[in-house]
Amino acid sequence: MAGRINDDDVKAVRDAVPIDSVVSEYLQLRNAGGGNLKGLCPFHDEKSPSFQVSPSKGLFHCFGCQEGGDTIAFVMKIDHLSFSETVERLAAKAGITLRYEEGGYNPGHQRGERIRLIEAHKIAAEFYAAQLDSPEAEIGRKFLAERGFDQAAAEHFGVGYSPAGWDHLTRFLRGKGFSDKELIVSGLSQEGRRGPIDRFRGRLMWPIRDVGGEIVGFGARRLREDDNGPKYLNTPETPVYKKSQVLYGVDLAKKEIAKTSRAVVVEGYTDVMACHLAGVTTAIATCGTAFGGEHIKILRRLLMDNGSARVIFTFDGDAAGQKAALRAFEDDQKFAAETYIAIAPDGMDPCELRLAKGDDAVVDLVEPRTPLFEFALRQIVNRYDLDTPAGRAAALDEAAPVVAKIKNVSSQHEVAVQLAGLVGILDTQFVVRRVAQIARWQRGGGKDQGGPQRGDGRRQQRSYGEVQAPSGPAGPALNLRSPAHRTERELLKLALQYPALVSPAFDAYGTDEFTAPPYAAVRQCIQDAGGADGAPADYLDAVREAAPDDTVRALVTELAVETVFAKTVDEVYAGAQLVQVRLRAVDRRIRDVQGTLARLGAHGDPERLAAVQNELWVLTQYGQSLRNHGAAAL
């Protein structure tokens, strides 16, 4: 049975791997102010970045979906790993040898499934790459050479060769300690009549990596006429390989995509190679499936949807390529980026174009030429005889619903005007009204209904100030329009991020001074962790550990990452927050005491009456002192 990883080793791993370096492997991060970074959340769809990372605290938090935590929590969530698998993976990255407290270290049994499958793929890639130099692989080397790829290109992309025998790789991986079950689950082997055999045999092999750069699968190209399998054979769906969620070349292209806010989508492995070698290092491709919603999510996180972001599709000019372009246009609205299509002369793909006309021709090809929507509409319209009224009407009937799917009303109007020109209808306003009518019908689920809409056709969203409280502690929803809630939130952020600025006064504050129950719960966590005064290096970890449940822990993380509102965070600002929270607490208590006095009346118990009157006098004086002297009166 796997042993428990030593707590000190877990802490060492957490400290050794910077959270921003890990997160930036999956999405583009930009400066958010206050030492924080921001990007599009990888855990939910969003139009603007609400995902923040605090490198100094080693924490992340999404203000949209409330996911948050440290480096380990991020990797667990995004790669669907267990805690131990994540620590092992990060430890390998940091070069840390882990100790296990129950039983000895046994790599073969203690490493998680994903770790084992990734390692099997890594070893398989090395095996295939070595086989490319074998005499048998001459046919593969010839294939590459005919397409303009030399040995250096093959090494750069990790291209290899799978021997034609039945079980060369299977036996090799068995010798490395992998079980038959692991080989079958990985997709590297498949069941044969007498046990596992190699899935890929006699083919040219391309390793497929995820955004983090780990090999999760392979694409295999048929080389021989007697191979009755498909032209391209990919790894089947496995625990680590989902073809709808991987993009070939993204590990090589991601930095340039993030830097230039530009991505080029091509159709195959050799097209990616040709583009990169020609200098178009933002090229990526799907792996045996159509470009879809999951691929868009990957690109959006890298592009971060800024106004200049561009995605260029280079589909072939044949019927299949045109069909793929129309499919891409259906998902176009999921991008905030502008989308274009580039088709080479004579319908050549980038690999063929590079061979025929050189690197410069590939670079010129992907300079944005035709907006994707225009190309898609032309493909529809060109199927009809536009010289006749019936043909123009039929073209409009098919194209108008496509335009109606454009969510932004201004863009929809502009494209509708262009559609009128493409079809040859002089009355552009008729086309605009027709598209708008279909758009209303689509939004109404088939019923032509209006109703208040935003300018971009979406339903009205909740305003920024109406922030829903996390579930957990009972009480009213947090409302940042409430001065009390806003100030309490600021004070807690200061206590978590700048504990020295609010110490020692903060530790004297009771949980009842925080009117929102979720904030009171965070205040209790700080108290249970030993308080803000003299906070140790692991202060934030201690506060998070003190949380009674995941909801409160998520709020602690959120407050520890969220930027403080002030441009200058100093003792003056911290003192103002301390005074405001205390003053509101004093005023609330004064109101309570005044209510008690009213209930006692003139004929109440004299001693009780005197005590209440004395408390009221003390509170009133204290409140006045806070107003006159600020933090000095605390």
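Think of each chain on its own: its residues are numbered from 1, step by step along the sequence as written. Local features in this predicted model are restricted to residues whose pLDDT is 70 or higher, and side-chain atom pairs enter the listing and the counts only when it is 80 or higher, whereas totals over whole chains, interfaces and linings include all residues. As a rule here, side-chain values cover all heavy atoms of the structure and leave hydrogens and water aside.

Secondary structure elements follow DSSP: runs of H or I of four or more residues count as helices, runs of E of two or more count as strands, with numbering from the N terminus. A tally of helices and strands in the protein yields 27 helices and 16 strands. Only protein chains enter the accessibility calculation, which uses a 1.4 Å probe. A residue is then buried if its area is under 20% of the maximum for its type, exposed if over 50%, and partly exposed in between. Counting across all 634 residues of the protein, residues that qualify as buried make up 49%. For the protein, long-range pairs separated by at least 24 residues make up 65% of all intrachain contacts whose partners lie at least 6 apart in sequence. Within the structure as shown, the protein displays about 29800 Å² of accessible surface, and the carbon and sulfur contribution to it stands at 49%. Contact criterion: two residues are considered in contact whenever any of their non-hydrogen atoms come within 4.5 Å of each other. Accessible surface is estimated by sampling points in the Shrake-Rupley manner with a 1.4 Å probe; for residues, cover comes only from the protein chains shown.

This part covers the nonpolar core. The set of buried Ala, Val, Leu, Ile, Met, Phe, Trp, Tyr and Cys residues whose side-chain atoms join them within 4.5 Å is what this entry labels a nonpolar core. Core analysis: the largest hydrophobic core is formed by 50 residues, its most contacted members being Phe51, Phe74 and Leu299. When residues of this core are assigned to their parent elements, the largest contribution, five residues, is made by helix H13 (residues 293–303). When neighbours within four sequence positions are excluded, Phe74 is seen to be in contact with Val22, Val23, Tyr26, Leu27, Pro42, Phe43, Phe51 and Phe60. Listed in part, the 44 residues of the second largest apolar core include Val246, Ile312, Tyr340 and Leu365.

This next bit is on the sheet that holds strand S9 (residues 203–209). When DSSP finds at least two bridges between two strands, those strands are taken to pair. With antiparallel pairing, the four strands of this open sheet are ordered in space as S6-S9-S10-S11. Across the chains shown, the open sheet's two edge strands, defined by having one partner strand only, are strand S6 (160–162) and strand S11 (232–234). Across the sheet, the axes of successive neighbouring strands diverge by a mean angle of 35 degrees, strand direction being ignored. Where helix H7 (residues 138–146) meets the sheet, it contacts S9 and strand S10 (215–222), and its direction lies at approximately 65 degrees from that of S9. Angles shown run from 0 to 180 degrees and are taken between the N-to-C directions of axes, each axis being a line fitted to C-alpha atoms and, for helices, limited to the stretch in contact.

This paragraph deals with unusual backbone geometry. With an omega dihedral of 0 degrees, the bond running from Ser503 to Pro504 counts as a cis peptide bond. On the secondary structure map, Pro504 appears in the loop between helix H22 (499–502) and helix H23 (517–528). At Gln66, a position not held by glycine, the phi torsion is positive, near 70 degrees. Within the fold, Gln66 resides in the loop between strand S4 (59–62) and strand S5 (68–70). Look at Ser261: it is not a glycine, yet its phi comes out positive at around 55 degrees. As for its position among the elements, Ser261 is in the loop between helix H11 (250–260) and strand S12 (262–266).

Across its 16 residues, helix H18 (residues 389–404) extends 22 Å between first and last C-alpha, which sits within 8% of the 22 Å expected from 1.5 Å per residue. To obtain the bend at a residue, axes are fitted to the seven residues ending there and to the seven starting there, and the angle between these axes is taken. Bending of H18 peaks at approximately 25 degrees at the position of Glu398, with proline Pro401 no more than four residues after it. Gly391, Ala395, Leu396, Ala399, Ala400, Val402, Val403 and Ala404 are the residues of H18 that are buried. One less than the number of residues in a helix, times 1.5 Å, gives the span that helix is expected to have.

Ordered in space as S1-S2-S3-S4-S5, the five strands form an open sheet in which the pairing is antiparallel. Edge strands, defined here as strands with exactly one partner in the open sheet, are strand S1 (30–33) and S5. For this sheet, the mean angle separating the axes of adjacent strands, direction not counted, is 25 degrees. Both strand S3 (residues 51–54) and S4 contribute to a ladder of four bridges, which runs antiparallel. Counterpart to Val53 in the pairing with S4 is Phe60.

Per-residue pLDDT for the protein averages 85, and the proportion of residues at 70 or more is 87%. For residues 104–110, every residue scores under 50 in pLDDT, and the model assigns this stretch twelve contacts once sequence neighbours within four places are set aside. The model gives residues 447–477 a pLDDT under 50, and that stretch makes 53 contacts with residues more than four places away or in other chains. The predictor attaches a confidence to each residue, called pLDDT, with possible values from 0 through 100.

Quick look at the packing of H23 against helix H25 (residues 550–561) now. Packing of H23 against H25 leaves a shortest axis separation of 10 Å and a crossing angle of 85 degrees. Comparing their axes, H25 and H23 come out roughly perpendicular. Counting all contacts with H23, which are made through Pro518, Tyr519, Ala521, Val522 and Cys525, the residues of H25 involved are Val552, Leu555, Val556 and Leu559. Among the residues forming the contact of H23 with H25, the class breakdown is nine nonpolar, no polar and no charged. For classification, angles of less than 35 degrees are called roughly parallel, those exceeding 145 degrees roughly antiparallel, those between 65 and 115 degrees roughly perpendicular, and all remaining angles oblique. Following the grouping adopted for this structure description, the nonpolar residues are Ala, Val, Leu, Ile, Met, Phe, Trp, Tyr, Cys and Pro, the charged ones are Asp, Glu, Lys and Arg, and the polar ones are all others, Gly among them.

Next up on the list: the packing of aromatic side chains. Only Phe, Tyr and Trp rings are paired, with Trp represented by its six-membered ring, and only when their centres lie within 6.5 Å; those with planes under 30 degrees apart are stacked, over 60 edge-to-face, the remainder tilted. All chains considered together, the criterion is met by 17 aromatic pairs. With centroids separated by 5.5 Å and ring planes inclined at 80 degrees, the aromatic side chains of Phe60 and Phe74 adopt a geometry described as edge-to-face. Here Phe74 lies in helix H3 (residues 71–79) and Phe60 lies in strand S4, a separation of 14 residues in the sequence. One exposure class covers both Phe60 and Phe74, and it is buried. Ring geometry for Phe506 against Tyr509: centres 6.3 Å apart, planes inclined by 15 degrees, an arrangement best described as stacked. On the accessibility criterion, Phe506 (0% relative accessible area) is buried. The class for Tyr509 is buried, based on a relative accessible area of 2%. Grouping aromatic residues by their ring pairs yields a cluster made of Tyr26, Phe43, Phe51, Phe60 and Phe74. A cation sits over an aromatic face here: Lys77 above Phe43, 5.7 Å from the ring centre. Should the NZ of a Lys or the CZ of an Arg lie within 6 Å of a ring centre and within 35 degrees of the ring normal, that charge is described as sitting over the ring.

Attention shifts here to the environment of Ala554. As for its position among the elements, Ala554 is in helix H25. A C-alpha to C-alpha distance of 9.7 Å links Ala554 and Cys62, two positions 492 residues apart in sequence. When residues no more than four places from it in sequence are discounted, the contact partners of Ala554 are His61 and Gln66.

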